[in-house]
Amino acid sequence: AEVEETLKRIQAHKGVVGTIVVNAEGIPIRTTLDNSTTVQYAGLLHQLTMKARSTVRDIDPQNDLTFLRIRSKKHEIMVAPDKEYLLIVIQNPCE
Amino acid sequence: MEIVYVYTKKRSDFGRPCNFSERAAEVAVDIAPDPGAAAAFVPRNPVDAHVQHASDMSEHEVNTERVEVETRGVNHTEGGWPKDINAHEMEQTIRFRKKVEKDENYINTITHLGTLMEHCIKQNNAINIYEDYFGEEEMAEVEDEPPSAKTINVISKLMSVFGVLPPKRDPNITKRTATHLSWHPDGCKKLAVAYSSLEFQQNMKDMSFDSYIWDLENSNKPELVLKPSSPLVSLEYNPKDSHILAGGCYNGQIAYWDTRKGRLPVEVSTVEFSHRDPVYGTIWLQSKTGTECFSASTDGQVLWWDIRKLSEPTETLVLDVTRKGLLENALGAISLEFEPTMPTKFMVGTEQGIVITCNRKAKTPPEKISGTYSGHHGPVYALSRNPFYPKFFLTVGDWTARIWSEESKESSIMWTKYHLSYLTDGCWSTVRPAVFFTTKMDGTLDIWDFIFKQNDPSLSLKICDEPLFSLRLQDNGCFVGCGSKLGTVTLLEISSGLCTLQKNEKTLATAMFERETKREKILEARHREMRLKERVRSEIRYEEGKEEAPEEGPAELLERVRSDFLEAIEAELRRRERAEAK
């Protein structure tokens with residue numbers, strides 16, 4: 001129930017295009033986008049997050065990745081990583 | 001006499017460490033010079049002796065292994081599901097998902113991540129960090145960098161395609177000229193090059209007939225090999241359908257290929273109805289079906305074809321300037337020009353140095369030839385209209401390049417100086433109205449900016465030592481490919497100064513062209529007046545001169561001219577002597 005609320009709140013924000021929750025194996029648990037897009041985002045961003053995390057820890061082993069933001073021409077992809085799950089939000093920044 | 005020094009040692013003493021001791025020098029042998037033997041020798045004076053103090057160097061060759069690159073695709077499918085769950089079964093996946101969602105860890109994590117995410121989203125919504133904070137700053141300074149061009153790629157007719165040569169064969173693969181280049185219409189870095197040997201009747205037995213389509217990412221191996229029945233002299237991509245190419249062969253036939261169907265032509269025109277000479281120009285026409293093209297050759301004919309039916313041309317035109325349609329009087333065509341915005345008119349450049357404009361829609365064949373422009377001393381190798389001002393066109397032939405206006409038929413409005421070598425090809429830049437490119441027989445590529453400087457090219461690059469035969473600019477104006485006599489195609493990227501439109505360029509170019517046309521018109525008018533006056537005067541004189549002495553024959557005329565000339569020279573020499581003496 002709390003989860004529902006949180007995700008609904010996030011989705012309701014201005015400019016948010018979609019929300020995806022992915023588990024450690026890359027399986028999308030919760031998504032507001034269609035299946036093929038979800039699968040694509042899940043697979044690609046999972047790998048990217050792993051890479052980013054290993055980069056951060058390589059440079060400083062005490063450090064860890066807290067948040068990943070990818071700004072592209074069309075929108076911004078935000079990834080909040082955790083040990084087990086991944087929360088991905090795609091937002092259109094207001095301009 | 002033998003020089004021998006003997007010392008004896010016991011066998012048991014062999015191998016013992018040597019115990020060296022000093023000893024004074026002893027003369028072992030002394031051979032005095034024998035003056036008698038000197039008579040057999042001749043003294044040598046001077047004696048050459050050389051000394052060199054240089055480091056020892058050795059030569060070593062290394063050849064890196066060429067990397068073979070292949071493109072492959074990857075198919076992504078959904079995965080990651082545990083073994084017992086079939087990813088396609090809706091029920092199972094939903095059940096799995098529900099199970100995960102009940103997990104406590106999940107709830108905690110998501111709540112935590114949710115707050116984090118909201119923070120960032122709100123951040124994004126609050127401030128756009130990428131907005132333009134300072135208004136458009138005017139780029140006041142003009143680009144002062146000197147124009148330059150950079151070679152990106154050199155595609156040379158390679159040996160490795162014929163890599164598996166049987167050892168008995170002559171390893172000298174005949175090098176053929178890259179006669180025509182055509183860029184892929186979508187600009188996606190593909191280039192079709194036609195190779196043939198333009199030397200008269202020089203068909204070697206082992207010369208291959210192939211022409212290639214190259215992908216610039218992979219210049220070691222052609223992307224597609226086209227195998228015509230006779231070498232291709234010209235090759236063009238269909239601007240509407242980028243899979244179709246039309247090619248004109250050395251023996252006069254027209255063939256067309258579909259890149260999806262492979263290397264053999266889809267259809268070839270019949271020999272009886274084709275040209276009798278190599279087809280130097282093939283251009284696609286703008287038509288609804290996108291299947292029409294026309295071709296020109298040195299046999300004096302221009303033929304229109306529909307590629308769906310290549311057995312005979314749809315229309316023919318004989319380039320007879322006297323408008324009688326006789327093939328004997330026809331001029332051989334070397335270049336062809338067609339502008340899609342003017343679909344009924346086209347221009348043909350001939351071997352005799354004349355450019356003929358033709359109107360396709362004329363009723364009778366002789367009417368088709370609407371005008372001629374003569375001004376070159378040799379064949380007009382290239383003909384192209386200015387993409388911004390279609391009334392003005394560029395012709396390249398003999399040692400100059402000339403710019404013509406359609407209105408002034410007597411002479412060109414602007415021309416370059418006479419160069420030392422023949423100009424072989426030229427074209428306008430697609431982005432700047434006053435810039436054009438020319439290639440020469442000595443292997444140089446010239447870029448002319450006519451607003452900036454008219455005496456010399458703005459940039460002259462020596463590409464290779466052999467003559468350059470063909471030139472083609474890509475549609476974006478930044479890349480230019482040139483083909484040489486030995487089959488090497490060089491690709492250059494020109495500096496941005498030469499391929500971006502300057503601020504007032506269009507107005508300046510228009511003004512320049514108008515000015516030159518006006519000048520030509522004035523000159524033309526004056527010439528006409530003078531000719532009229534001459535004619536009137538000669539008529540009057542003829543009337544009077546009927547009673548006078550008979551006209552001089554050619555021999556006497558020659559004598560008189562010669563004596564006049566010598567007198568003029570003498571007078572000049574005398575004047576110069578007098579000036580020097582002062």
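Refer to the structure printed above.
The structure presented is a predicted model; accordingly, all values stated were derived computationally and were not measured.

Engineer: Explain the side chain of Gln91 of chain A to me, please; I cannot follow it from the model alone.
Structural biologist: Relative to the helices and strands, Gln91 of chain A is located in strand β5 (residues 85-91). Taking relative accessible area as the criterion, Gln91 of chain A reaches 0% and is therefore assigned buried. Within the structure, the side chain of Gln91 of chain A is placed 2.8 Å from the side chain of Asn124 of chain B, a separation counted as a polar contact. Setting aside chain neighbours within four positions, we find Gln91 of chain A in contact with Lys14, Gly15, Val16, Val17, His75, Glu76 and Met78 of chain A together with Ile121, Asn124 and Asn125 of chain B.

Engineer: What's the story with the environment of Leu116 of chain B in this structure? I'm lost.
Structural biologist: Relative to the elements of secondary structure, Leu116 of chain B occurs in helix α3 (residues 104-126). Residue Leu116 of chain B is classed as partly exposed on the basis of its relative accessible area of 30%. Leave out the neighbours within four places in its chain, and Leu116 of chain B touches Thr66 and Phe67 of chain A.

Engineer: Is there a simple way to think about a negative patch on the surface in this case?
Structural biologist: A cluster of acidic residues, Glu25 and Glu84 of chain A together with Asp103 and Glu104 of chain B, forms a negative patch at the surface. Mapped onto the fold, Glu104 of chain B is located in helix α3. You can call Glu104 of chain B exposed: its relative accessible area is 58%.

Engineer: When you look at the pattern of salt bridges in this model, what are you seeing that I'm missing?
Structural biologist: Oppositely charged side chains can form a pair if their charged atoms are brought close together. Residues and elements named next belong to chain B. Under the definition given, this model contains 30 salt bridges over all chains. A salt bridge links Glu516 to Arg519; the nearest nitrogen and oxygen atoms lie 2.9 Å apart. Of the two residues, Glu516 and Arg519 both sit in helix α5 (residues 505-545), three residues apart, roughly one turn of that helix. According to the relative accessible area criterion, Glu516 is buried, its value standing at 11%.

Engineer: Sorry, what's going on with the packing of aromatic side chains here?
Structural biologist: Residues and elements named next belong to chain B. Taken as a whole and judged by the stated rule, the model has 18 aromatic pairs over all chains. A centroid spacing of 5.6 Å and a plane angle of 65° characterise the contact between Tyr195 and Tyr212, whose relative ring orientation is edge-to-face. In this pair, Tyr195 sits in strand β3 (residues 190-196) while Tyr212 sits in strand β4 (residues 211-215), placing the two residues 17 residues apart along the sequence. Taking the relative accessible area as the measure of exposure, Tyr195 reaches 0% and is therefore buried. You can call Tyr212 buried: its relative accessible area is 2%. With a centroid separation of 5.6 Å and an interplanar angle of 65°, the aromatic rings of Tyr212 and Trp214 are classed as edge-to-face.

Engineer: What should I look at first to understand the pairing of strand β25 (residues 459-462) of chain B in this one?
Structural biologist: Residue and element names in this part refer to chain B. Residue alternation in β25 divides its side chains into a buried set, Leu459 and Leu461, and an unburied set, Ser460 and Lys462. Bridge count for strand β24 (residues 444-449) against β25 is four bridges, and the pairing is antiparallel. Each bridged residue has a counterpart across the sheet, and for Leu445 the counterpart in β25 is Leu461.

Engineer: Would you take a moment to explain unusual backbone geometry for this structure?
Structural biologist: Generally, phi is negative for residues other than glycine and the peptide bonds are trans, each holding for most cases. Residues and elements named next belong to chain B. Cis rather than trans, the peptide bond between Asn45 and Pro46 has omega equal to 5°. Of note, Pro46 is situated in the loop between α1 (35-38) and α2 (90-102). Backbone geometry at Asp398 places phi at a positive 35°, although glycine is not the residue there. Inspection of the secondary structure puts Asp398 in the loop between β19 (392-397) and β20 (400-405).

Engineer: Would you mind going over the sheet that holds strand β16 (residues 354-359) of chain B with me for this structure?
Structural biologist: Two pairing modes exist for strands in a sheet, parallel and antiparallel, and in both the strands are linked by backbone hydrogen bonds. Residue and element names in this part refer to chain B. Within the open sheet, the four strands sit side by side as β14-β15-β16-β17. Their pairing is antiparallel. Both outer strands of the open sheet, β14 (333-338) and β17 (369-374), are each paired with one neighbouring strand and no more. Adjacent strand axes in the sheet meet at a mean angle of 20°, parallel and antiparallel pairs treated alike.

Definitions and limits used
Residues numbered from 1 in each chain as written. Chains lettered and ligands numbered in written order. Predicted model: local features only at pLDDT ≥ 70, side-chain atom pairs only at ≥ 80, totals over all residues. Heavy atoms only, no water. Helix = DSSP H or I, 4+ residues; strand = E, 2+ residues; numbered from the N terminus. Buried < 20%, exposed > 50% of the residue type's maximum accessible area, 1.4 Å probe, protein only. Polar contact = N/O pair within 3.5 Å; in protein donor to acceptor, adjacent residues only side chain to side chain. Contact = heavy atoms within 4.5 Å. Patch = residues over 30% accessible without salt bridge, like charges linked within 9 Å, V, L, I, M, F, W, Y side chains within 5 Å. Areas by Shrake-Rupley, 256 points an atom, 1.4 Å probe, with all protein chains shown as cover. Salt bridge = Lys/Arg side-chain N within 4 Å of Asp/Glu carboxyl O. Lys, Arg positive; Asp, Glu negative; His and termini not counted. Charge placed at Lys NZ, Arg CZ, Asp CG, Glu CD. Phe/Tyr/Trp six-rings, centres within 6.5 Å; stacked < 30°, edge-to-face > 60°. Pairing = 2+ DSSP bridges. Axes fitted to C-alpha atoms, helices over the stretch in contact; angles between N-to-C directions.

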